[in-house]
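Spelled out from the first residue to the last, the chains are:
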Amino acid sequence: MNRTRCLRTAILALALAVLAGCSTTPPGPSPHPRRWQPRPGTAWQWQLDGRVDTRVDVPVYDIDGFENDAATVRRLHRDGRKVICYLNAGAWESFRPDHGSFPALVLGRANGWEGERWLDIRRLDLLRPLMAKRMDLCRDRGFDAVEPDLLDGHLNDTGFRLTAAHQLAYNRMIARLAHDRGLSVGLKNDLPQVGQLVRDFDFAVNEECAEFGECAALTPFIQAGKAVFHVEYALGVDEFCKPARALGLSSMRKKLDLGVWRQPC
């Protein structure tokens, strides 16, 4: 067959494939499915202590990523729940299986919790691969989202000269790591930077904004159609539920140990 005839044959074959709705290129890997986007007012359970009680009748569970295996996540999924993976992104924890991977130079002052020390979030080069492995754990166990804790080191006495700019860079890195793995990600506290970070995060998690009169700072998330998962410890539900509902928050009272007990609004 001469080259002209070969070219005409190839063109004809391509045209027939297009008309038939076929693709002339081999299929590539499937893209990540659309990330889960929790809406304002979504009820939730937050349990970080003890064996997870899967009987709480809520659509969202937030549980420890290291201490709960893929079977627990599958069990919650079978019951129609979305599951958030709790990870500490701002402090080193001596009791985690990867604690030996953190260089000594990124470990700062104790943060008030036994076995924990603040991280030097300026060192993106050192912390990015460590946090990426933690995100891999969440993805591989089937979680839908991540709650990276302690994203507000710049507001604390960490032992490092952290600035608001350092925190923005670190928090955005954390959000990208989650999104690259198809996971939704929540902004934990860090209220002064809500306006700058609301587009980078899919929801927010807050502790005690009512006690300190700060809940209005979370309004940008609600306005963007993104849930704010909120807890109070010291205040009674009669003190914070009404204004929290008016703002659109997903609120409940918990004990500090974050066990099974909850008192929702």
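Within any chain, residue numbers begin from 1 and follow the written order of that chain's sequence. Residues qualify for local features only when their pLDDT is at least 70, as the model is predicted, and side-chain atom pairs are given and counted only at 80 or more; totals for whole chains, interfaces and linings, by contrast, use all residues. With hydrogens and water excluded, all non-hydrogen atoms of the structure serve as input to the side-chain values.

**Q** Can you break down helix α7 (residues 237-247) residue by residue, with the values?
**A** Note on classification: 1.4 Å probe, protein chains only; a residue is buried when its accessible area is under 20% of the maximum for its type, exposed when over 50%, partly exposed between these limits. Strands here are runs of E lasting at least two residues and helices are runs of H or I lasting at least four, both read from the DSSP assignment and numbered beginning at the N terminus. F240, C241 and A244 are the residues of α7 that are buried. Summarising the axial view, the buried residues of α7 lie within an arc of 110°, below the 170-degree limit, and thus occupy one face. Seen from the buried face of α7, the exposed residues on the opposite side, beyond 90 degrees, are D238, K242 and A246. Close packing links the buried residues of α7 with β10 (228-232) and β11 (250-253). Each C-beta atom gives one direction from the helix axis, and the arc is the one those directions make. In what follows, residue pairs with any heavy atoms lying within 4.5 Å of each other are defined as contacts.

**Q** Before we move on, can you summarise the packing of aromatic side chains with the specific residues and values?
**A** Any two of the Phe, Tyr and Trp rings considered here, Trp counted by its six-membered ring, make a pair once their centres fall within 6.5 Å; the pair's planes then place it as stacked at under 30 degrees, edge-to-face at over 60, or tilted in between. If you walk through the whole model with that rule in mind, you get four aromatic pairs. Measuring from centroid to centroid gives 5.5 Å for W44 and W46, while their planes differ by 25°, and the two rings are stacked. Judged by its relative accessible area of 1%, W44 is buried. Relative accessible area serves as the criterion here: at 1%, W46 is assigned to the buried category. Judged by centre distance (5.1 Å) and plane angle (40°), the rings of W44 and F229 are tilted. Here W44, found in strand β1 (residues 44-47), pairs with F229, found in strand β10; they are 185 residues apart in sequence, far enough to count as distant. As far as burial versus exposure is concerned, W44 and F229 are alike and both buried.

**Q** Which residues make up the pattern of salt bridges, and what values do they have?
**A** Any Lys or Arg side-chain nitrogen located within 4 Å of an Asp or Glu carboxyl oxygen qualifies as a salt bridge. Under the definition given, this model contains 17 salt bridges. With a shortest N-O distance of 2.5 Å, D136 and R181 are connected by a salt bridge. Taken together, the positions of D136 in helix α3 (residues 124-140) and R181 in the loop between α4 (164-180) and β8 (184-188) put the pair 45 residues apart, joining distant regions of the chain. Notably, a salt bridge pairs K188 with E147, separated by 2.6 Å at the nearest N-O pair. Residue K188 is located in strand β8, and its partner E147 is located in strand β7 (residues 145-149); the two are separated by 41 residues in the primary sequence.

**Q** Residues and numbers for the side chain of D62, please.
**A** The residue D62 is located in strand β2 (residues 60-64) in this model. In this tally, Asp and Glu contribute negative charge and Lys and Arg positive charge; neither His nor the terminal groups of the chain are included. Although D62 lies buried, it forms no salt bridge, and the closest oppositely charged side chain, K188, sits 6.9 Å away as judged by the N-O distance. The contacts of D62, once residues within four sequence positions are left out, are W44, Q45, W46, Q47, L48, I84, Y86 and E147.

**Q** Mind laying out the sheet that holds strand β4 (residues 91-93), listing which residues take part and the relevant values?
**A** Spatially, the three strands line up as an open sheet ordered β4-β6-β5, and their pairing is antiparallel. Across the chains shown, the open sheet's two edge strands, defined by having one partner strand only, are β4 and β5 (107-110). Sheet twist, expressed as the mean angle between neighbouring strand axes with direction ignored, is 40°. Strand pairing is defined by DSSP finding a minimum of two bridges between the two strands. Two elements, β4 and strand β6 (residues 116-119), share three bridges in a ladder whose sense is antiparallel. Fitting a line to C-alpha atoms yields each axis, with helices limited to the stretch in contact; the angle taken between N-to-C directions then spans 0 to 180 degrees.

**Q** Could you give an account of the sheet that holds β7, with specific residues and numbers?
**A** The nine strands lie next to each other as β1-β2-β3-β7-β8-β9-β10-β11-β12, forming an open sheet whose pairing is mixed. The strands lining the two open edges of the sheet, one partner per strand, are β1 and β12 (263-264). As defined by bridge partners, strand β9 (residues 203-207) adjoins β10 across four bridges and the pair is classed as parallel. When the bridges of β10 are listed, V205 appears paired with F229. Across the sheet, α4 lies against β7 and β8, angled at about 160° from β8, the strand it touches most. Contacts from α7 reach β10, β11 and β12 within the one sheet, and its direction differs from that of β11 by about 180°.

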